Structures are given as structure tokens and as C-alpha cells.
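Examining the three-dimensional arrangement
If you want the building blocks of each chain, they are given just below.
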Amino acid sequence: MSFSLVIKIGGEGGEGVISAGDFLTEAAVRSGYHVVNFKSFPAEIKGGYANSTVRISDEKLYSTGDGFDILCCFNAEAYAYNKKHLKPGTVLVYDSSDFEPEEHDGVIMYPVPLSDIAKNEIKAYITKNIVALGALVGLFNIPVESLKDSIKAKFSRKGEKIVNMNYQALEAGMKYVKENLVKKDGFEFPPPIGLKDVVIMEGNQAVAKGCIAAGCEFYAAYPITPATSVGNYIVEDLIRKDGWLYQAEDEIASLAMAIGASFAGVKAMTATSGPGLSLMSELIGYAGMTETPVVIVDVQRVGPATGMPTKHEQGDLYHAVYGSHGEIPRAVLAPISVEDSFYMSIEAFNLAEKYQMPVIVLTDAAMSLRAEAFPTPDLSKLNIVNRLIYKSEEDKEQKFIRHGRFLRYALFTEDGITPMGIPGDPNAIHAITGLERQENSDPRNRPDIRTYQMNKRFKKLEKLLEEDYDRFIEIDAPYKDADIGIITWGLTASITKEAVQRLRSRGLKINAMYPRLLWPVKEDVFEFFAKSSKRILIPETNYYGQLATVVKDRTHIRPISYNIYRGEPFIPKEIEDIVDFLMENQEITEGRFTPEHVYGEKAYGLI
Amino acid sequence: MSFSLVIKIGGEGGEGVISAGDFLTEAAVRSGYHVVNFKSFPAEIKGGYANSTVRISDEKLYSTGDGFDILCCFNAEAYAYNKKHLKPGTVLVYDSSDFEPEEHDGVIMYPVPLSDIAKNEIKAYITKNIVALGALVGLFNIPVESLKDSIKAKFSRKGEKIVNMNYQALEAGMKYVKENLVKKDGFEFPPPIGLKDVVIMEGNQAVAKGCIAAGCEFYAAYPITPATSVGNYIVEDLIRKDGWLYQAEDEIASLAMAIGASFAGVKAMTATSGPGLSLMSELIGYAGMTETPVVIVDVQRVGPATGMPTKHEQGDLYHAVYGSHGEIPRAVLAPISVEDSFYMSIEAFNLAEKYQMPVIVLTDAAMSLRAEAFPTPDLSKLNIVNRLIYKSEEDKEQKFIRHGRFLRYALFTEDGITPMGIPGDPNAIHAITGLERQENSDPRNRPDIRTYQMNKRFKKLEKLLEEDYDRFIEIDAPYKDADIGIITWGLTASITKEAVQRLRSRGLKINAMYPRLLWPVKEDVFEFFAKSSKRILIPETNYYGQLATVVKDRTHIRPISYNIYRGEPFIPKEIEDIVDFLMENQEITEGRFTPEHVYGEKAYGLI
Amino acid sequence: MEQQLELQPADYRSDIEPTWCPGCGDFGVISAITKALAELKIKPENVVSVSGIGCSSRTPLFLKNYSMHVLHGRAIPTAIGVKLANPDLTVLVEAGDGDLFSIGSGHNPHAARRNIDITVLCMDNQVYGLTKNQISPTSREGLYGSLTPFGSIDKPVNPISYMLTFGATFVAQTYAGNLKHMSEIIKKAISHKGFSFVNIISPCPTYNKVDTFKYYKDKTIDINEQGHKELDNLQKALELAMKDLEHYYNDSAKVPIGIFYEKEEPTYQDRVKEVKTKYKASKDINPQVFIDECKVLPV
Amino acid sequence: MEQQLELQPADYRSDIEPTWCPGCGDFGVISAITKALAELKIKPENVVSVSGIGCSSRTPLFLKNYSMHVLHGRAIPTAIGVKLANPDLTVLVEAGDGDLFSIGSGHNPHAARRNIDITVLCMDNQVYGLTKNQISPTSREGLYGSLTPFGSIDKPVNPISYMLTFGATFVAQTYAGNLKHMSEIIKKAISHKGFSFVNIISPCPTYNKVDTFKYYKDKTIDINEQGHKELDNLQKALELAMKDLEHYYNDSAKVPIGIFYEKEEPTYQDRVKEVKTKYKASKDINPQVFIDECKVLPV
Ligand SMILES: Cc1ncc(C[n+]2csc(CCOP(=O)(O)OP(=O)(O)O)c2C)c(N)n1
Ligand SMILES: Cc1ncc(C[n+]2csc(CCOP(=O)(O)OP(=O)(O)O)c2C)c(N)n1
Ligand code: SF4
Ligand code: SF4
Ligand SMILES: [Mg+2]
Ligand SMILES: [Mg+2]
């Protein structure tokens, strides 16, 4: 990376911390940079410490890095939270009308009276965050025209006056630093590169856009942090496309509605977080049992129970894979980035429709808010799969009709997939039921029929493994005999990618595998990968090592689990550290490890 | 076994098939025999094929055997279902006023006009089942006085007239066979042994009695087959003990109520089947997160969804172990017999109270109805555990009080267990919440606090493994180098015991392990057992091999799974057959197998 | 499936034999449903029957239209999904008193107040049949159930006044012993545009030994015949509804059957249409548009 | 904890600062609750506050009594469990309109009709606060929500008439802008033996820009002062209740506050006691008895 800069903005929730980060993100994209951000705020409605970290580079980014280069503090609390991370060479920009920081060796300090400027010069305290952006522009040569464009794009709906007030605030910040401060650091933006054909999306937005691109026409919602905004982002697109979003009375109703809509012939979904996923357990089983396509997005947050609703965790994989009484075919997908969230949402519908089963997509709180720019998807080039629908005229031999009854659950297809009948078609009238049933849907308790129907349902997963599995597995294994092979999923995969680059640049032989499809599992793909590495490491942000369980269940791999469960994603350095730790401890070949093992103390990461 | 007899009675549901089996069972117990039965009827309210199999012996029984010695058919349908199992040497007693069977080589036939005798002689068709019992008495010398006692015990509430009518029916059956049939078989009861100090219970009754013995005072119920009768059996005992059973509006409410009652200081439970367990997912997480003791009995039935409500399956282990979003400490218990159901229900409360967490007990549809006689439990000899309650006078240093606040979630106890405060106590006022929290229950998002609280909660399971685990694991490993070591659970364990006896008597070296506590898992206990056997076999009545997954997750064992999922328990012969199959195929060391592998055809068991 | 000029009730009956006990009220109900559908000439392929779990909830499996036998308590939200996805379908819910008023009771208010155009038929036997005799929310006080061997100590639910309060736009009661009345009411309920609710007293001779055909034989009274005609008067409807359970406490009280309330109001679908018009909704829009809107556009 | 002769409202407040936004109506509600408890002299250790999830449902965490902050929608069944386990406790539910009337709405009828002696306080801001602005079941038509950017097209729930219909024996409404009225009503609700429901209009200045303190300032009218005194008349209560939402459609309509209904009826606990008397219930019975009853006894 020739250029990479991490700017962290912290302050009181509601003071524009998050939107300042968003402006910076968008402006960077306008200028043609790669950008990734991370936002965090408390579950409480108002107040509390919020922060936004924006990383900008001229190369593709996988994480927001290990820390920050530039810290911009709107208040003393933000300073207090972050001061332990102020290292020599980092920059602190702070609201000098609010507080005075301590001395920090080698840290470059830029006091700017943000509040005073906003209040006294602009006469609008609310512009404090824009004043801060102005200061950053002045100090680091952030492309100001892009920033202005971003401001304009956001505020133009509110009228020219508001736009101008914000321009003024920006300029006041710039002016203040020009006139009062001397640049003492070396951080500097190269000149803007200019607009490329990219879109910029947040994680939940990418899910929403992916679902609409896949042809979703019905979405049943029940609000829950951090999933609600999938609905916020999709609702108007859906209406414009003559679909509908229905705010249901709870999550059970949501999934029931989605299943009803799917039965009626429409691609349907719901999105929720852990508590909602738990409530949906019984109906997930019903969708699997009745072979009804449906997509369930779970934007994971910290569990169990209410947990920490705005915080990151990869804690719902167990429930997604093993939850619900009895056994059903299902697929569990987990995108590893915002861009991937878009494509995996499409794939979720593709798998649900092709295999007539529930598909669960696992993202998480941090991913939901992360913004990324990526090449504009071209829908005409994407594969959109639709369910197999019974067409009487194609069934000349009337194979799917017996004694005048439509055989929704016919047992004679090789792959277990049988055509669906859609209400309105007089030739495919049938019932669906959660009871075990014979081919024509009549309930039956017979041991043989039961066994055949179970086999029918699970045969579909075998086909999936053959026809669809491989494209979901990204293998980055340049070494025949790597020291360590890392397997990981979701946001942790993204962060691991950066760590792997660094480790390799330090000469370590590290292979990596990033499965997006976590269930079902193709044993030989995992074992083939594992052969290339002496040891397998699975880092996850959960307690037990949930992917590790799935891997142990379905393959022969005995992995080393590395688990944090503090409500935050990994930083790349932590992945580096556990790898270094393992390099120093060659005798470790498996087992579960936590930061206590590596750091020998109770230091649990960033705040 | 010097004496063992299996009598199967089949007919139309509602015709007294089940109660005939129950009379036989009770009478056998009265005479001092060991007895086990298996009952099966359709989910439909009326009609359909029902049957009851009773096995009687003078030695302890683990299963109802592989088939029957004597088949008694009340109608043609029962005959049709069973005729393929009529082997030379077996006996068929049938209602000759209803149908005529085909010829069967070597099968001894006794036609008895059951319906006609009931209708014409007794003038009460309803006594057909008692007439049949009379015929059996006449033919096989079943202790008639015991049978009369059983009839009297059952009907005495209805008056002497009814008792006498049934006596008459019994005698009419006896008389008919004496006068009209010649005994051609060799089946014969030895003389009665006489009453011993035993109780006779059905599976769900044993659960109910165990729970009341454990001190349960509150039970929230929502009816569901096959769990409802736990409530039926417990309700009056509970009231007499000044407790209460509340019929809730659904399963979610049931568990919420049990949690509320537990918070108020009372031992509380609910019982359900798979669909209910799924609905409870979110609250199971809440109980774990808030560290509230609660017992959830899941009488498993065939899933997924509504499945086959009256049929046997071991399909809910995944959900019990891995279900609910996020991660909590919990215990999952599975009794292997009716007697065990009694003791494991007590243990469920013991573990829930000691470790302040939800404990799930898994039984199943077949176990729920199975009757067994076993030595009368002596409560004065049983260990009943109560929760750790905060007592201000014992906390002289006020360790659990900080700034006037009670530290419900104190982090400084070594085992993670902290005393509970019970409403009414002014010294332990506190809140519980599903949010991550600090020691005094205030919600907190801090990474360090989150990590500490997670560790606190899971530390409890470590203590459990140390202090309580071993007594739940029955190991029967007489061989140092067994050919096969079988690990299995629940009802399958019971059936396996008989198969193991037979295999050993045939000279095979088979070890066996029957864990009652399925979660958490103590790796070294499993691995120690596994060392004694060349290969490990895990038979289960589910599709995936759910215990196998848990074993693979938590130990190094690579088992051979043997799975049936037809809605019926194994018979001992099937366990023998898979073992024989494995003995012939020494190259098989792991993997998943089904009857197709063993029998090479699509023959799925008994009906 | 051959085209038929005249649809007969039998055309809506599947070939599975109902598994109900002899004498079960639900036999009457299914006859009334098929009769109503035939007379309304709604083609079987355009009907979707949705149910939960219970003896009554098996009804859709005995019908030859599109059917969803869902999970206990989830018939109404599932039916809503069907209707929203395809408003041209006739969507019926056929479920029990336990299914709709116990585990499913949280869904009722929201379907009713939104006036979603589905027809809910509650087959009310005042007991849990399928699970073999427990009290249901509509059980009278004192009724024996396996979990309440002392007799119910709960005041029963009043389905009619509930649904009126929730804002249902068609609310009626009928009785399984009166096929003609039943099928007429069901016809009207289906024809009504908006959320319709019909409580059907449908005795369970096996488990409810009190609320039997014999009990109801001379107990019902047709409120419409008795002069209740001003059907869009909610206050009046409620007053009448309040009397529905009086017979439990007063031997001489009658059980009102007939239409309590009926009012034409915009359905949920009508309102959705308005919104869609504002948004110029169209199936033809290329979703690429939605993607392109995420480009960082020049300002 | 020192013994206090006189309990003050502050004795019921924990030392956590409420995380509510400045100006949130819930500040008033918590003051009223503590005031009511202090005046009723109920010791903090004998109070259990139970809530679901929402801004309002945080209330129990800000109180210094026994508290259960449960899951979304599960406050009422949890509270029932507490009360049944220990009838001597004063059990309060403090939750939001969404919690109680959306996800939790299936629990209301059953608690009410059984007349379980708990007090349910609904902090009704007509919006989902905690999840940042979605319409709630009590939202007026047209209200903007993040999932309904076109404005709500749903008829709102009427909590008062619901609870009356369900059989609650104490039903009232009050307003967070009127501390005195609030605390008086809450006192009466707690004192009432049986199921009490109080709807508390408690504006959310952050997300509900319509139903504000300003809006309600001169809108409320005390029905009891206005002559509604015959409190055990259900029909009248319902008539009044039906008018509760009129102000949404008619600018000159007032919002009724006060007690709509109050009637002494046997509580669930009273009925339980009767049953237990019949069964000669006793804590002292040795459970060995229950085991021995399974012996096969000589006849
Ligand atoms: C989640 C769940 N809980 C419980 C059950 C068991 N169950 C099946 S039907 C039923 C009640 C049926 O009562 P009702 O709806 O009145 O129907 P009926 O049989 O009386 O017609 C219950 C509790 C279930 N199937 N699923
Ligand atoms: C099962 C579940 N679904 C959804 C949520 C998200 N959620 C939290 S609070 C809330 C609504 C709160 O509304 P209300 O009860 O009116 O409380 P308010 O915040 O307005 O006081 C929702 C949907 C959750 N916590 N759990
Ligand atoms: S149990 Fe009752 S409701 Fe069920 S089928 Fe029999 S009579 Fe009908
Ligand atoms: S969002 Fe509304 S309800 Fe929630 S604390 Fe803020 S003002 Fe109160
Ligand atoms: Mg019923
Ligand atoms: Mg609210």
C-alpha cells in the first residue's frame, strides 16, 4: 500500500460523529480511493460514546486496520476512551473549547476550538462535525471538492441555505488550522484520483440491494437492531418494484408471512437478529419440512438473550446450522464483506429457490454499518435462479399426477427436487403440511414413507454440494506446505485477509480459506485445503468456536480455535499475534485459545 | 433369561388394545415378573392401527425384544400389519368373528370369536379386550389372580357391577379356549412369584414423580403430544403439595412463567415436545444469560415441524445442545429407561439449582408410554440440591454488597457461582437482565466486562465436569481390547443393553458406554472409553447422528454412526446386525451408515 | 382437471377421509365450506386454505384447493403472506379455538385492524381435541381438562367481542348443527371485502361432554331474524356480543348466531394500492436502477 | 439496608442514571411509580418490576426493587410466574406499547381474563423508540416510521378497549405530563386486587414528532372529574374507551384520562385457594407419598 490512512472520530452520540465519518468515507470514494469504515455507538438512544473509523487507501482494503493514525476527539470522553492508543507519531485533533489532553510523548497535537467555532462563527452548534472536517481538510489535504460534493449531495434536499452553512463551517475549520496551527506530522492525501464506476454501500444496504436484485418481492419485517436498516433500505425499492414490505407484529409472524408469500409464488424474505432467529426456530423447520423457499437474514449481534444489541459477534452459527427441533435441509451463507453481502444475498435466493428450502444469511452488527465502495454490479451478468414450477403441458406423461392428485412430494426424481405448484394453477392443486406425508401430501406415519421422504429432502443437499458448493469457497493457498492454514468466516475473514498479507510479507507461509457457504459442508474441499498446511487455525468472535464445531463435525480437521467474545471484531494485528504465538509454540496442534493465552493478561482489546 | 415372553396385541385404536396391554403389564408386575412394554397409536383421535407389546421375564429387561412370541389380533388390519413377522413357532390368537387369516407355515393359530363372545355372552362389545385377555390366560397360564387384581384396581371406582362384568369377560375367554382349543405351543407362564417392593410407572409418570420428588413447586404447561401426560401425572400431586400447574397460552409463556417463578424463589419447570422446545429457544438463552435455574423436559417426537407427533425419534439433541442464538451454559440430560427418567428428573433440578442454568431433559414418545416396574425409590436416601441463596448474616464482610448494591453477578467467586437474592429479602435487591451487565446487574457494553461475565458463566460448566459429571456416565467395558465400543443414549441405550448381552453371549467383545448427561462433555471420559475399543459405534434414531456430532465436536473420537429415522425405536436385533456387519467389514472405521448398508435393500423395520 | 361448468361441493373435497371422530362437528363445517365455495363459484385453484394444528386445523387437508397446514397458531400470519403476495386469491383460515385464541392470539388484532381481506373460520369446540382433552380459551368455567382435573377456573374468551374490538369488518357466529345457516354465513364472510371472522360452534363429542349438539340444539337464536339488522353499528354489535357467553351462567340464555357486524371499509390492499400509485410502482422496473442509485454521482 | 420509618420515592430509585433522551415522557412515569410505591408504603424488597425490551422497558433497571428485564414481549407471562410463585409480592409490569401490544399481544387476554393480581403499566409513546422510529401498534395513521416511509396505513390499537374486552378488572389511562394524576392512578391500580391495566401516554420527543407533550397539553380530559363515576359498568367503560382514539381523526376531540373501569372480582389466586382447600394442600406433605402411590398395591 503506497497510501493508507486511518482517521478515527470520537464523541458523544448524536453530535455528528457518525455522519462526519460518513462524509469522509464518501468524499474519499468520490476521489477514487478505496475506503472501509467501522462505526460503533451505544444501544442507548441518546448520549454515550460513539465513534467512526475511516480508513482510506489506494489499494483494496479488508479492514480498518489496527488502530488509527489520526484521532479526532469531539469531547473528553472520546479522548479518555482512546488515549491509551495514542502512540508516538499519531495525531490528535481535539476540541480545545471542550477539554485539554494530557501530555503524550511523540504524539502530535492539534487543538481546534470546534465548539466555539461552530457556536460563535457559524451560529450553529450542530455544524461542529463539519468544522472538524474542515480542520482535517486543512491539516491533511483531504480533497475538499469531493467533501463539498458529499455535503451538497446530503444536504441539497434541505435547501441551499443549509448547504452553504455547512460549506462555511468547512471553510471555518480549514481557515482556523491554516491561521493557527503549524503542520508537524507527515500525513497527507495524494491528489484526488477521480470518480470510477463504483457504488458505495453499507452492509445492510448491500443486503437490501442484493435481495431486490435477486427478485425479492415480499419482505416481512419486525424491527430489531442491527437488522432493521435492511428493511429501511429495501422498503421503497420494493414498493417501486410493485412488491411490499409488511411490518409484522413479531418475528414469528414475519417468517410465517414470508412462507405464505413464497407458497403463493413470490420470492420472499425476512431479516432479523439473534433474538428473532431464535423465535423463528419452529418455522424454519416448517420451511425445510414443506420444502418452501425462503431467505432469512440474521444480522448477528452479541448474544445470548438481549446481549449487546449494537455490538459485533459471530455467535449465531450454531443456531443457524443446528437450531430447530428435528432435521431439515438448509443452507447457511455468510458474506465476508459489504460487496460480498450484495452477492451472497442474491445467492441466498438462488439456493432457496433451486433447492426449495430455507437459506440463512449471517452478517453482523459491524458489517451492517461498514461502508465500502466496490465496482458497480451489472445485473445483466448475474445468474438469477427461479424455482422449478410445475407446468402441466411439460408433463405429458402425467408423472406428477396420480389418481387426479398432484404429487408435490414425489419420490421418483433423482435429485429430490420436485416441481412446485403455484396457487391459481388448476393442474397442481395440493396441500403442504408439517406432518410427514406421502407423495400426494397426505399425512402418513409409515416407517418406509418417512424414511423415503427424509432421504428425498436431504438428497437436495447432495446436489448442492455437487453443483453449487465450490463457488462459495475462496481458497488462497499459495504454499504447498504452509505453516498454518487459516479457515474463517464472515467479517473475521475480511480482517484475516489483511493479516495474511502482512504475515506473508514477513515471510511466513500462511494459507487461507474463506468459506461463504458454511452449511452444508463438503468434506474433501476442507481436507484438501488442510493438507497444504501443518496446522489449521480458526479465529472466530464467539466463545465455543462455532465454525470449528461444524468443521470437526463434518471433516477430519482438528483445528486450533482462537476465540474472542468481547463484542468487537478482531483487528488484523490480533490474527498476526496468534499466528506468531503458534509459530513460537510448535507443539500446539489443536485446541481452543483466547487472548489470555497469547498476551498472558486480561487485556481485552480496543474500546 | 430362563423365562421371557413377548405378547403383542393389535387392533383398532379405541378398542382397548392399549388397556389390554396395560392390564397384562400390571398383572405381570403383581406376580413379581419384570416387564417392559411398548405402545403405539396414530396421531388421529379415533381409529387407525394401535398396538401394545408386553414383554415379561424373570430377569431385568431392557427392551421389548425383536418381535413377538404371541400375537393377538383384534381385527384384520392388525393382522395385515403384522403377518410378515409371523415366523414358525410364533402364536397367532385372533378374533375369528372378525376375519380369517391366511395359512402360515409353522405358526400356531388359535381362533377365538372375541367380538361374538363380548357381544353375545357379556352383552358389552367394550369388553372384547378383556375376553382376549381371558383367552390368553387360558392358553398361556397367565396368573389369573393378578390379572383380576389389576382389573379390580382399575374398575373398582366404577362400581362392583363393572368389575364383575369384566371378571365375567375374562372367564368367558378362559372358558372358550379351554373348551374349544387344544394347546399346541410351548409358551407357558411359571407360577406367580408374588409382590415385591416395586412401583410401576410409565415414562412420563416417572418424570412427573421425579420432578415432584426434586421439590418442583411450579409447572407451566402447554399441551403437546407426547409431553402432555407429564402434566396430567403431576397436576394433582403439585396441588396437594401446595404448588401449582398453570396451563399457559403457549410454550413461550410457559417458559417465561417458569423463569418468573424461579426468580421468585421456587423450583420451576415446563415440559414440551420439539415444536415447543423450538419456540422456547429465545427464553432458554435468557435463562442461561440471567443464570436462572429452570428445568425443561422435552419428550421428543418425530420432527421437523409437526412431523409424526406420536412417534419415536432422537432428533432434538442438536437443538437442546446448540439451539438459541448466542452461547450459554446449560446441561442436557437423557434418561435411558423409565426408572432412569425418575432419577434423571431429580438430577435435572439438582443441576439447574446448583449451577443456576437451564437444564433440558430429553425423553421420547416411546419412552413416554413405556411402562416399567422398578424398586420403590426411597426419597430419604436421595440427594436433593437447592440453590445457593444469599444470606446477609453469612456475608459478614459484605463481599456481595458494593455501594449499597447487591452483586448478583459478582466476578470474584472461583467457580462462577454467585448467590441468588430472593424477592422479599431487603438485603439482596437486584435486577436481572438479558443484557450483558456488570457485577451489580447494570447493563454494560465494555469488552472487558463482557469477557469476564462470559467466563464467569462458563466456569460453572467446568465445575460441573469436575464435581458432577462422572455419575452420569455408565461404562460397561469388560474388555481391554473390544472389537467395538458402542456409545449411545436415551431409549436406544436401553435397547443396546440387550443387544450387547446377546453379542457377548455369542462371544463378541463389545464394550458400551451410556452417557445420561449429553452436555457438557468431558473429553477424557469418552477418550478413555474409546481406548478400550478398536472402533466406536453410535446408533441413534435420527438422520445426522446428533450425538455423533457432539462427540466429534468435543472429543477426538471418529465414530461409526448408525442411523434410522423411521419413527420407531431400534430393536435389539438391529444393533446386533450392524455390529455383525461391522465385524464382517473390518475396513470400516468411521462414517455414517443406515439399514440400506446393512440389509442392501429398502426394508425399514417394523410397523 | 377437467373444466366444469357448474362447481359442486364435492369438487372441493379431497379424497382423504377425514380422521375426525364420528359425530364431530367439523364434518358439518367442511360441508358448509364446500357448499359456500361451490355456490360462490370460486374455482378451487384460486382458493388457499390455511390452518394451524388441531383436529379442526386438519380441514385444509380434506379440501381440494391449495392448502397450507401450518404450525400451531400460525395460520393467520401465513394467510396474510399468501394474500399480500397474490391479492387475487381467496384466502381462508380454518382453525380451532385453541389455535386462534391461545397460541395464535397475538396475531388476531393485527390482521383485523388492518382489514386484511381474508376469512377466518374458527371451529370452536370449546376444548383442545387433538391433544386429548384440555381446556381451551373458550372453555366454560368448570369444564374438566386433563391438566385441570378440578375444572377450569378461568373466565372464557369471547371470540366475537374480541374480533369486534380489534376492528374486524365482518363478524358472525354460526353453528355446526345448522348447515344452511353455516354455509350462508360463510358465503357472506368470503364475499365480504376485508377481514371476516366467523365463530362456528362445532361440538367435540369425544372430549367436551357439556357443549354438545344436544346442548346447542335449541339454544341458538338467529339474531338477524330477531331483528339485528343495523349491521354497521359497532356499539350494538358489541352489546350483543357481550351476551354470547351468558348461557354459561344462565340456563335460559340463548346463544346468538348470525351476523353481528358488517361494514365496508378500505381494505389493507386498497391502502397499499394508494401507496403504490404514489410511488409509481411497476413490475417492469429494472432493478439495475436500484443498484445504480448507490453510485457516488456527480453533484 | 437500614430500616426506614417513612419510605420516600427516592428509596425506590436505583443509582443508575436513566439512559432516556432529555424530555422523554418516561422520566415522569418513573417518578410517578416511585411516588405511588412510597405512598402505599410497599417495601422495595416486596416489589417485583417486570419488563420486556424497549426504552420504556428499561424502567425496572432504574428502580431499586427486585426487577426482571426480560425479553421483548414476555413481561406479562414472566410476571404471572412471579405472582403465582409468591402471591405476597407486589408485581408490576412496566413496558411499552410495542412490547405489550405487538410482540406481546398474545399474552394480554389470558392474564386479564384470569384476573391475575398484577399491575400492568403501558408506557405508550405511540412509536418504537429503542429501535429508532418505527410505527407501533398504537401509532396513529400517517405516522412516519423507518419501515413505513409513506406513513402508517394501519388503524391503531385501542389499549383501553382491548383490556376491557379481555376482562381486566381495573382499566385506566393517564398522562406523563400530569404527575399527580399518574401517581394517583398508579396507586389505585396497585391497590386494586386483580388484573390492573394503566395506559400511560408518555411522549417520545425524539421519534414521535406528532404525539408530543405540546400536543397533549390541553387535550386530556379527566373522565372521572367529568362525571364517569359508575366504574363497574363495563358497557359504559367501553363506550368511553371507544372514544379514546377519536382525537386522531377529529381535532376537537379530547383524550380521556382517568379510571374507565374498576370492579372487585375473585382473583386467580382466590380461585386457586379454593381448589387447594379441596385438595387439602399442604407444604408439609412428604413427596414419598406420591411415589408410594405407584406401588402395585394389594387390592
Ligand atoms: C407449538 C405447538 N404446541 C402445541 C402443539 C400441540 N397441539 C396440537 S393441536 C393443539 C390444540 C388444539 O386445539 P384447537 O385449536 O381448539 O383444535 P381442536 O383439536 O380442538 O379442533 C395443541 C395444543 C403443537 N402442535 N404445536
Ligand atoms: C425478539 C425481539 N424482537 C425485536 C427486538 C427489538 N426491539 C427492541 S425494543 C422494540 C420495540 C420497542 O417499542 P416499545 O415497546 O413501544 O418501547 P419504546 O422503546 O417505544 O419505549 C423492538 C422491536 C427485540 N429486542 N427482541
Ligand atoms: S376429538 Fe373432538 S374435535 Fe377432535 S375429531 Fe374427535 S370429536 Fe372432533
Ligand atoms: S427514543 Fe423516545 S422513548 Fe426512547 S428514550 Fe428517547 S424520547 Fe424516550
Ligand atoms: Mg378446539
Ligand atoms: Mg413505544
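In short, a report on the structure.

The rules behind the values
Residues numbered from 1 in each chain as written. Chains lettered and ligands numbered in written order. Predicted model: local features only at pLDDT ≥ 70, side-chain atom pairs only at ≥ 80, totals over all residues. Heavy atoms only, no water. Donors = N, O, S within 2.8 Å, 3.2 Å for Na, K, Ca; no water. Helix = DSSP H or I, 4+ residues; strand = E, 2+ residues; numbered from the N terminus. Buried < 20%, exposed > 50% of the residue type's maximum accessible area, 1.4 Å probe, protein only. Expected span 1.5 Å × (residues − 1). Polar contact = N/O pair within 3.5 Å; in protein donor to acceptor, adjacent residues only side chain to side chain. Pairing = 2+ DSSP bridges. Contact = heavy atoms within 4.5 Å. Buried area = accessible area lost by both parts, 1.4 Å probe. Salt bridge = Lys/Arg side-chain N within 4 Å of Asp/Glu carboxyl O.

Time to look at the coordination of the magnesium ion (ligand 5). Angles between donor atoms at a metal ideally measure 109.5 degrees for a four-coordinate tetrahedral arrangement and either 90 or 180 degrees for a six-coordinate octahedral one. Residue and element names in this part refer to chain C. For the magnesium ion (ligand 5), the full set of protein donor atoms is Asp-97 (OD), Asn-125 (OD1) and Val-127 (O), and the range of their distances to it is 2.1 to 2.2 Å. Spacing between the donor residues of the magnesium ion (ligand 5) along the chain follows D-x27-N-x1-V. With a gap of 30 residues between them, Asp-97 in helix H3 (residues 97-103) and Val-127 in the loop between strand S4 (119-124) and helix H5 (159-166) connect regions that are remote in the sequence. According to the relative accessible area criterion, Asp-97 is buried, its value standing at 2%. Val-127 sits in the buried class, given a relative accessible area of 2%.

Attention now goes to helix H13 (residues 338-355) of chain B. Each full turn of the α-helix corresponds to 3.6 residues, which orients residues three or four apart in the same direction. All names here are of chain B. With 18 residues, H13 should reach 26 Å at 1.5 Å per residue; the first-to-last C-alpha distance of 25 Å fits that figure. Where burial is concerned, most of H13 is hidden: 15 out of the 18 residues are buried. With a side-chain oxygen lying 3.1 Å from the backbone nitrogen of Asp-340, the N-terminal cap of H13 falls on Ser-337. Downstream of H13 by a residue or two, Gln-356 has a phi angle that is positive, lying close to 50°.

Below, the discussion takes up the coordination of the magnesium ion (ligand 6). All names here are of chain D. On the protein side, the magnesium ion (ligand 6) has Asp-97 (OD), Asn-125 (OD1) and Val-127 (O) as donor atoms, found 2.0 to 2.2 Å from it. Written as a sequence motif, the donor residues of the magnesium ion (ligand 6) are D-x27-N-x1-V. Note on Asn-125: relative accessible area 9%, which makes it buried.

What follows concerns the pairing of strand S4 (residues 119-124) of chain D. Residue and element names in this part refer to chain D. When you tally the buried positions in S4, you get 6 out of 6 residues, the bulk of the element. Because side chains alternate across S4, one face comprises the buried residues Thr-119, Leu-121 and Met-123, and the other comprises Val-120, Cys-122 and Asp-124, equally buried. Relative to S4, strand S3 (residues 90-96) runs parallel, the two sharing 5 bridges. Bridging across to S4, Val-93 finds its partner in Val-120. The pairing of S4 with strand S6 (residues 196-201) spans 6 bridges and is parallel.

Moving on: the interface of chain A and chain B. Taken together, the contact between chain A and chain B spans 72 residues of the former and 72 residues of the latter. A combined buried area of about 6,200 Å² lies between chain A and chain B, and 57% of that area is made up of carbon and sulfur atoms. Among the residues of chain A in contact with chain B, A:His325, A:Glu327 and A:Tyr544 are the three that bury the most area, contributing 12% of the side total. There are 4 salt bridges connecting chain A and chain B. A salt bridge links A:Glu313 to B:Arg450; its shortest N-O distance comes to 2.5 Å. Connecting chain A to chain B are 43 residue pairs in polar contact (both at pLDDT 80 or more). Looking at the side of chain A that touches chain B, the elements with two or more residues in it are helix H10 (274-279), helix H11 (281-290), helix H12 (317-322), helix H15 (447-467) and helix H18 (546-554) of chain A. The greatest single-element share of the side of chain A that touches chain B, amounting to 10 residues, is contributed by H15(A).

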